[in-house]
Amino acid sequence: MSSLYEQIRADFPILGKKVNGHPLTYLDSAAASLKPLPVIEAVERFYREMPANVHRGVHSLSREATAAYEGARETVRKFINAARIEEIVFTSGTTASINLAARSWAATQLRKGDEIVLSHMEHHSNIVPWKMLCEENGFILKIIPVTDAGELDMEAFHSLLGPRTKLVAVTQVSNALGTINPVEEIIAAAHAHGALALIDAAQSAPCMPIDVQALDCDFLAFSGHKLFGPTGIGVLYAKAGLLEDMPPFLGGGDMILSVSFEEICYNKPPYRFEAGTPNIAGAVGLGRAIDYVRAIGFDRIQEHEQNLLRGATAALNSLEGVRIIGTAEKKAAVISFVIDGVHPHDIGSIVDSCGVAIRAGHHCAQPLMTRFGLPATARAAFSIYNSEDDIERLAAAVHKVREIML
Ligand code: C6P
């Protein structure tokens, strides 16, 4: 395990940085992962060698850029085992992907009184777009409750499904609790009721293999920047048949076949949903990030991160006054915690003074915080470049918080 850490650590130049006089201990990978050299170099190479637009020019540079962009799409297709390249829409991130599904599919397919099932642990990106649609169109939200351990109440989930259920949209891994949800069961149950299933894979894509055909999900969304790739690039996977029938969400260049003032003929998917100049460098960087992850392999990634999860859970549990929020049986390496009598922002600031980067806040999951009766938590999220040393530094920094604040 430690050899994996050492090899990988060398790929992340930022880890050489000192923060407040301490070596950087980066435990905020659920917000944004660090970037390895191969990704940084792929983005730089794009701008250095082929900084042209795609799908437009007949000149060589544009053809090279187009090949790199479409090559990245194929890399994404393989990564999630989509059947067809047309099923991969590049977006600016998970948020944009979910909004696209909401505006282009749900807004046009659902009728007043139809129901959308979400869970109580969703990120705002998988709540707000649906809530907006409900307010505009009279759709109804149904919410899967979360248990005290931070797991979905599956009995309650099944009882929420009915003849008006048209969509179930849930996260595969909770960004605030780390819970890994049984999405296979959720997707199958949605289909059994004639509903579609959308999976928010923002947190799962970096830490577990995803096979959209095996899952049989209808939509799946993720972001590049949590997957060791650039910011501003993400993916919406949708089954080809769905995309064929979906109208465009944004209008502009590249999403049309012909335009006149009388009539517009739209392009086929995925281009119909990629209006304007896309984030070409971002897509190229994401493709390289996926190659990087695949070269390490999810077996090794999961073993490493699960060891870190166990070690960090034990270390935090051994500190007096520290309470972990989210104790699901199946968790990714994300640990939310509170210290009684200390605001999470103070925890975040004091550990930062020790060079330890964690996130403190509501994690864009305010309904979940309310469910646990908390305004916020501190969150340590581990990734492939973390080690047992980082757990020790976190524990020492949290100990210091107690010394200063209590
Ligand atoms: N969560 C976190 O610190 P974007 O911002 O579009 O790349 O991803 C949104 C998003 C959607 N779903 C889940 C489960 C997420 O975790 C996130 C992003 C970050 O937890 C930033 S709030």
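Structure's up top.
Before going into details, it helps to say that this report is about the structure given with it. All chains use their own residue numbering, which begins from 1 and follows the written sequence. Confidence filtering applies because this is a predicted model: local features only for residues at pLDDT of at least 70, side-chain atom pairs given and counted only at 80 or more, and all residues used for totals across whole chains, interfaces and linings. Each side-chain value is derived from all of the structure's non-hydrogen atoms; neither hydrogens nor water enter the calculation.

**Description of the packing of aromatic side chains**
What counts is decided by this rule: Aromatic rings from Phe, Tyr and Trp, taking only the six-membered ring of Trp, are treated as a pair when their centres fall within 6.5 Å; an angle between ring planes under 30 degrees marks them as stacked, one over 60 as edge-to-face, and anything in between as tilted. Each helix is a run of DSSP H or I of at least 4 residues and each strand a run of E of at least 2, with the numbering of both proceeding from the N terminus. When a residue's accessible area, from a 1.4 Å probe over protein chains only, is under 20% of the maximum for its type it is buried; when over 50% it is exposed; and in between it is partly exposed.
Scanning the entire structure with this criterion turns up nine aromatic pairs. Here Phe12 and Tyr385 contribute two aromatic rings whose centre-to-centre distance is 4.7 Å and whose plane-to-plane angle is 65°, an arrangement assigned as edge-to-face. With Phe12 in the loop between helix H1 (2-9) and strand E1 (18-19) and Tyr385 in the loop between strand E17 (377-381) and helix H14 (388-405), this residue pair connects regions lying 373 residues apart in the sequence. On the accessibility criterion, Phe12 (1% relative accessible area) is buried. Note on Tyr385: relative accessible area 0%, which makes it buried. With centroids separated by 6.1 Å and ring planes inclined at 35°, the aromatic side chains of Phe79 and Phe298 adopt a geometry described as tilted. Linking Phe79 in helix H3 (residues 60-79) with Phe298 in helix H11 (residues 298-317), this pair joins segments that are 219 residues apart in sequence. Members of the aromatic cluster, each reached through a chain of ring pairs, are Phe12, Phe228, Tyr292 and Tyr385.

**Considerations on the sheet that holds strand E13 (residues 322-325)**
Filter applied, for reference: Strands pair, by our definition, only if DSSP identifies at least two bridges between them. Angles run from 0 to 180 degrees between N-to-C directions of axes, and those axes are lines fitted to C-alpha atoms, restricted for helices to the stretch in contact.
What the four strands build is an open sheet, ordered E13-E14-E17-E16; its pairing is antiparallel. In this open sheet, the two edge strands, each paired with only one partner strand, are E13 and strand E16 (359-361). The mean angle between the axes of side-by-side strands here comes to 30°, regardless of whether they run parallel or antiparallel. In the sheet, E13 pairs with strand E14 (residues 334-339) via four bridges, with the strands oriented antiparallel.

**Observations regarding the environment of Asp346**
Mapped onto the fold, Asp346 is located in helix H12 (residues 344-353). Residues Asp346 and Glu151, spaced 195 residues apart in sequence, show a C-alpha to C-alpha distance of 28 Å.

**A word on the pattern of salt bridges**
Going by this rule: A carboxyl oxygen of Asp or Glu within 4 Å of a side-chain nitrogen of Lys or Arg is what we treat as a salt bridge.
Tallied over the full model, the rule gives 18 salt bridges. Measuring nitrogen to oxygen at the nearest pair gives 3.4 Å for the salt bridge that ties Asp28 to Arg379. Pair noted here: Asp28 is in the loop between strand E3 (25-26) and helix H2 (37-49) and Arg379 is in strand E17, with a separation of 351 residues, a long-range link. Judged by its relative accessible area of 14%, Asp28 is buried. Counted as one network, the salt bridges with shared partners bring together Glu70, Arg73 and Glu274.

**Considering the pairing of strand E10 (residues 234-238)**
The side chains of a regular strand alternate between the sheet's two faces. Most of E10 sits inside the fold, with five of its five residues counted as buried. Relative to E10, strand E4 (residues 88-91) runs antiparallel, the two sharing four bridges. Note that in E10 the partner of Ile88 across the bridge is Tyr237. Sheet analysis places strand E9 (residues 219-223) next to E10, joined by five bridges and oriented antiparallel. Counterpart to Leu220 in the pairing with E10 is Tyr237.

**Observations concerning the packing of H11 against H14**
How two helices pack is summed up by the angle between their axes together with the distance between the axes. What counts, and what does not: Here roughly perpendicular refers to angles of 65 to 115 degrees, roughly parallel to angles under 35, roughly antiparallel to angles over 145, and oblique to all remaining angles. Handedness of a helix crossing follows the sense of rotation of the near helix relative to the far helix, less than a right angle counterclockwise being left-handed and clockwise being right-handed. For this analysis, residues touch if any pair of their heavy atoms sits within 4.5 Å.
Packing of H11 against H14 leaves a shortest axis separation of 10 Å and a crossing angle of 20°. Between H11 and H14, the angle falls in the class roughly parallel. The handedness of the crossing between H11 and H14 comes out as right-handed. Of H14, the residues touching H11 (which contributes Leu308, Gly311, Ala312, Ala315 and Leu316) are Glu388, Ile391, Leu394, Ala395 and Val398.

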